[in-house]
Amino acid sequence: MAAANGRNIPKEDVIFGISRRAREMAEDVGEDKVINATIGALLDDEGELLVLSSVDDTFMGLEPVEYAQYAPIGGTPEFRKAAIRAALRNYEPKGQVRAVATPGGTGSLRNTIANYSCPGDQILTTDWHWSPYKTIAAEQGRSIATFRLFDENHGFNAEDFRKRVGEMLEKQDRLIIILNTPAQNPTGYSLTDSDWQKVIGILSSQEPEKRIALLVDTAYIDFAGDEDEYRSFLPYLEELPANVLPILAFSMSKTFTLYGLRCGAMICLAPNEEIADEFVRVCEFSSRASWSNSPRVGQSIIANIFADKDLLDRVTKERKEIRDMLLKRGRAFEEEAARAGLPILPYDGGFFASIPCDDPASASRELEAEGIFLVPLAMGLRVSLASVSEEKCRRIPAKVVEVLNKR
Ligand code: PLP
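Just so you know, these numbers come straight off a predicted model, no measurement behind them. (Residues numbered from 1 in each chain as written. Predicted model: local features only at pLDDT ≥ 70, side-chain atom pairs only at ≥ 80, totals over all residues. Heavy atoms only, no water.)

Engineer: I'm lost on the domain arrangement of the protein chain in this one. Help?
Structural biologist: In many analyses, interface size is given as the accessible surface area lost on bringing the parts together. The domains assigned to the protein chain are domain 1 (14-52 + 316-405) and domain 2 (65-310). Using C-alpha coordinates to define each centre, domain 1 is positioned 27 Å away from domain 2. With 29 residues of domain 1 in contact, the opposing surface of domain 2 contributes 25 residues. It is Arg 319, Arg 323 and Pro 346 in domain 1 that bury the most area against domain 2; as a group they hold 26% of the surface buried on that side. Our count for the contact surface shared by domain 1 and domain 2 stands at 2 salt bridges. A salt bridge links Arg 319 to Glu 227, with the nearest nitrogen and oxygen atoms 2.9 Å apart. For the interface between domain 1 and domain 2, the tally reads 15 residue pairs in polar contact (both at pLDDT 80 or more). Going through the elements one at a time, helix H13 (309-340), strand E9 (352-356) and strand E12 (380-384) are the ones with two or more residues in the side of domain 1 that touches domain 2. Partitioned by chemical class, the residues of the side of domain 1 that touches domain 2 number 19 nonpolar, 6 polar and 4 charged. (Domains from an automatic or database assignment. Contact = heavy atoms within 4.5 Å. Buried area = accessible area lost by both parts, 1.4 Å probe. Salt bridge = Lys/Arg side-chain N within 4 Å of Asp/Glu carboxyl O. Polar contact = N/O pair within 3.5 Å; in protein donor to acceptor, adjacent residues only side chain to side chain. Helix = DSSP H or I, 4+ residues; strand = E, 2+ residues; numbered from the N terminus. Nonpolar A, V, L, I, M, F, W, Y, C, P; charged D, E, K, R; others polar.)

Shown next as structure tokens:
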């Protein structure tokens, strides 16, 4: 009955399918014999979801009116302010900052594509990327083009970025560029300040009639390392000329462990009021046309946290504890990969690391037979460090080498 409308809709989501098989195997042979490194949420060593107790306490203390009532389309005023603080922390922008509430970072991606590209356009992102970018673009009649994230020395490939931006702007008058940093999904890479300077230089040298939206997907920004240090790229965004609009897709899913509450915000750092006000107007229009208003509950939680300094300190301290645990898993994985001679992509932080390999789909099936469940991507395998213990992170590399060497 359904119309395909140019989309390629699979029978089962790849990740959920693998996760289901991992659960079935664990029931058969026992949890300790199965490593399910597919899940995109931070779990404790026993596989239980980690929820910040300070956030949970705030949730439990809400009055019904704080979650049952509709929120304004663009979010409550208190939430909008709090979202800007959460995203920018101590950085005081020079330009015009505006926030529009969205259901998670996903909503920010969706609204950016709806308003800063045209049907038929291509959106530029890195070759290693979160696969829903493609889905979100396809749903709206756009498609994804890529540039190579890494050069041969495993550094940021500014030259390929320059080339692809140039090529695409020859064909299109508008271009959305999605960069997921810091702590990218799936590689864990973070653009360095020097990478950022190159990006800004390249975008600043494009023709001023071209309209560029630079969408920085910061879904993992608070799981990369020191929260202020990892915001050092923000001032660079404000060096961009007026034809390039920086937008942050800020997700509360990981930062506040509110995955299921669908809370996030899109935040622009606009050069003037006209562009900033237009941003709010068009994004609210798109929200109205898709999910109407975003859930109020997460907005109330975040607003209450930012209204109480002690509570905010508690949240920040608790988050540091779970981040330190995650980064320890990452270092353990890197160490064992080096010991086993397994090439991995440069991991800096965040939930995932990636192993480049040939024919990832069959590699992942062969690993499944050994009780190791990883997500096959176009050019390799994604390991969720977030969902397995440090001990299991240590076990993965040698096993992957063993399976890949058998082929
Ligand atoms: N961007 C990336 C790279 C992600 O991995 C995710 C979630 O997994 C998101 C954005 C959006 O998350 P949410 O919509 O839950 O905020």
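Engineer: In this structure, what is going on with the pairing of strand E8 (residues 264-270)? I would like to understand it.
Structural biologist: Remark: a regular strand shows side chains that alternate across the two faces of the sheet. Across the 7 residues that make up E8, a large majority, 7, are buried. Covered by surrounding structure in E8 are Gly 264, Met 266, Cys 268 and Ala 270 together with Ala 265, Ile 267 and Leu 269, the residues of both alternating faces. Bridge count between strand E2 (residues 96-102) and E8: 7 bridges; the pairing is antiparallel. Following the sheet pairing, Thr 102 is matched in E8 by Gly 264. Across 5 bridges, the pairing between strand E7 (residues 244-251) and E8 is antiparallel. Its bridge partner being in E8, Phe 250 is matched across the sheet by Ala 265. (Buried < 20%, exposed > 50% of the residue type's maximum accessible area, 1.4 Å probe, protein only. Pairing = 2+ DSSP bridges.)

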